[in-house]
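# Per-entry structural report
Here is what each chain is made of, one letter per residue.
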Amino acid sequence: MLAGTGSDVGKSVLASALCRIFLQDGYHPAPFKAQNMALNSFVTPDGLEIGRAQAVQAEAAGIPCSSDMNPLLLKPSSDHTSQVVLNGKPIGNRDAYDYFRVQGRDHLRNEVHAAFDRLSSQYNPIVMEGAGSISEINLQETDLVNMPMARYADADVILVADIDRGGVFASAYGSIMLQKPEDKKRIKGIIVNKFRGDIRLFEKGVKMMEEICGVPVLGVIPYYKDIHIEEEDSLSLDYKHLQAEKGKINIAVVLLRHISNFTDFDRLEMDERVHLYYTNNVDELKKADIIILPGSKSTLDDMYELRRNGVAKAILQAHREGVTVLGICGGYQLLGQEISDPNGVEGSISCLPGLGLLPIKTTMTGEKITRQVEFLFQGSVERCKGYEIHMGETTRMTETGAGPLVTFDDGHTDGCMAGTHCFGTYIHGILDNDAFVNFLLEPFTDKLEVKELDYQTYKEEQYNKLADHVRKHLNVPLLYRIMQGEE
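Let us look at the structure shown here. (Residues numbered from 1 in each chain as written. Predicted model: local features only at pLDDT ≥ 70, side-chain atom pairs only at ≥ 80, totals over all residues. Heavy atoms only, no water.)

### Looking at unusual backbone geometry
Leaving glycine aside, a negative phi is the common case for residues, and trans is the common case for peptide bonds. Which entries qualify depends on this criterion: Only runs of H or I of at least four residues qualify as helices and only runs of E of at least two qualify as strands under DSSP, and these elements are numbered from the N terminus. Think of it in three bands: residues with accessible area under 20% of the maximum for their type are buried, residues over 50% are exposed, and the middle band is partly exposed, with areas taken using a 1.4 Å probe on protein chains only.
Put simply, asparagine 124 and proline 125 share a cis peptide bond, and its omega is 5°. Assignment of secondary structure puts proline 125 in the loop between helix H4 (105-120) and strand S9 (126-128). Here aspartate 8, not a glycine, exhibits a phi torsion of approximately 60°, which is positive. Mapped onto the fold, aspartate 8 is located in the loop between strand S1 (2-4) and helix H1 (11-24). Among the residues examined, aspartate 8 registers a relative accessible area of 44% and is labelled partly exposed. If you check the backbone angles, cysteine 329 has positive phi at about 55° while not being a glycine. Its place among the elements puts cysteine 329 in the loop between strand S18 (324-328) and helix H13 (330-334). By relative accessible area, cysteine 329 is classed as buried at 6%.

The structure is reproduced here in structure tokens:
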């Protein structure tokens, strides 16, 4: 288990690295995180929902993802409530106080244990990931994902500490000292992550950390900028408020308050033809060639906010001036004539007019659709892949002349296309398909001469680069000895 001194210390990326390292070394690894909290999710081949981080780790391990890799997913819908997804299916909304009570905890604990047992019967080793800090002693009684899970799995624990945020000695020492005696024995080493500068300057620090913590430092992993692995949460989007650039196709992703599945745009970020930036600034939106409305965990609330902050008006003006507008999932719903929520699925707003760019109407429903899909989009001959995660039914007003955007293998259709500059779809991952990206960019290619991107090959290269980077700075032989019970 990779456990953390805190949140965002790099556990997820290191888990991806270890999955690829073990795969390269001839093993058959799989990732596991008992409980994840994230709006960024993915759909397994059998139509179940898991955290995106575990799907990325499975890809690094070279295996299909499954709900057993993340049996419990919390999708925040407000500061106090989350949708609870158990074994890939939503079981309702819970407020934080109710969720973290001791009562009823055994049922969830049994479910995550059963998922681990199923996974460990198929793969070896299991690369487990903890959540947040392992030293939140006020939550230990109800904890499902950190040391109690390590105890159940009889896992050795490697503590991950982030030196970039400061206080690395205190956070490592404190995290170990606050453990129960039986849990403290499980912690077999420390990884110091995100080091900047000359690593030789920390050689004395390594010895001091080993002396005070009583366990070896397995490695000091330097901070990197030239390796791209999909992010687990939207914290990184704060660093992507970038201005438009000359000589490239400028794509603005509208920075919604409740943005979800922002990894839909990772492939575009890597495309040399594209300059992609996230913004809710009306002046920056005017400079875009393409505006994309992303997924949302609360579509009606985001629609209200877009009208309040002037972004809705800016999008409509940009479209009138020839800018292409694309909506994905919640963004697709925003482009329609009306969004209604008669049963209060999302909250207290019962109905709002949409942007009115597509002749569609959406009604929120309590049933969540989760499935992987294969499809053709308008005018294409190349089969594409994606996945759906949404609550709501959208109907197209056929008398308007607008048609569907995609056709599934079973003959059903999805999305809506009104002319050549406005379309929407429920399909996440549609932008991972080279054919669709080329279709989206084609009207603007006279601005540049840059080669297309093979995204799947690119992702494989990134996993291998990450594995090489971590392997270079991690004592992998010592890690293997720990895993084999020799240390």
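### Observations concerning the environment of lysine 297
Let me state the cut-off plainly: By the convention used here, residues are in contact when the closest approach between their heavy atoms is within 4.5 Å.
Secondary-structure assignment places lysine 297 in the loop between strand S17 (295-296) and helix H11 (299-308). When its relative accessible area of 18% is taken as the criterion, lysine 297 is described as buried. Along the sequence, lysine 297 and threonine 420 sit 123 residues apart, while their C-alpha atoms lie 28 Å from each other. When sequence neighbours within four positions are dropped, the list of residues in contact with lysine 297 reads Leu39, Lys75, Pro76, Ser77, Gln83, His258, Ser260 and Glu346.

### Side note on the sheet that holds strand S8 (residues 89-95)
Short version of the rule: Any two strands with at least two DSSP-identified bridges between them are counted as paired. Interaxial angle, 0 to 180 degrees, is taken between N-to-C directions of lines fitted to C-alpha atoms, where a helix line uses only the stretch in contact.
The sheet built from four strands is open, its strands ordered S3-S6-S7-S8 with mixed pairing. In this open sheet, the two edge strands, each paired with only one partner strand, are strand S3 (35-37) and S8. Averaged over all adjacent pairs, the angle separating strand axes in this sheet is 25°, with direction ignored. Bridge count for strand S7 (residues 81-86) against S8 is six bridges, and the pairing is antiparallel. Along S8, the bridge assignment pairs valine 84 with glycine 92.

### Some details on the nonpolar core
Definition in use: For this analysis, a nonpolar core means a set of buried residues of the types Ala, Val, Leu, Ile, Met, Phe, Trp, Tyr and Cys, connected via side-chain atoms within 4.5 Å.
Phe32, Met128, Met149, Ile190, Val192 and Leu474 are the most contacted members of the largest nonpolar core, which has 84 residues in total. The dominant element in this core, judged by the number of residues it contributes, is H1, at seven residues. If you look at the next biggest cluster of nonpolar residues, it comprises 67 residues, including Val323, Leu334, Cys384 and Ile430.

### Remarks on the packing of H1 against helix H15 (residues 455-473)
Here is the rule we go by: Should an angle fall under 35 degrees it is taken as roughly parallel, and over 145 as roughly antiparallel, whereas 65 to 115 is taken as roughly perpendicular and any remaining angle as oblique. All amino acids are sorted into three groups, where Ala, Val, Leu, Ile, Met, Phe, Trp, Tyr, Cys and Pro are nonpolar, Asp, Glu, Lys and Arg are charged, and the leftover types, Gly among them, are polar.
Axis separation between H1 and H15 bottoms out at 8 Å; the angle between their running directions is 95°. Accordingly, the angle class assigned to the pair H1 and H15 is roughly perpendicular. On H15, the residues touching Val13, Leu14, Ser16, Ala17, Arg20, Ile21 and Gln24 of H1 are Glu460, Tyr463, Asn464, Leu466, Ala467, Val470 and Arg471. Partitioning the contact of H1 with H15 into residue classes produces eight nonpolar, three polar and three charged.

### Points about the pattern of salt bridges
Let me state the cut-off plainly: Between Lys or Arg on one side and Asp or Glu on the other, a salt bridge is scored when a side-chain nitrogen of the former is within 4 Å of a carboxyl oxygen of the latter.
Going through the model one piece at a time under the given rule, you end up with 26 salt bridges. One salt bridge in this structure joins glutamate 59 and lysine 459, with 3.1 Å as the shortest N-O distance. In this pair, glutamate 59 is assigned in helix H2 (residues 52-61) and lysine 459 in helix H15, connecting sequence segments 400 residues apart. Since its relative accessible area comes to 11%, lysine 459 is described here as buried. Residue aspartate 198 pairs with arginine 200 through a salt bridge whose shortest N-O separation is 2.7 Å. When salt bridges that share partners are traced, they join Arg257, Asp301, Glu305 and Arg308 into one network.

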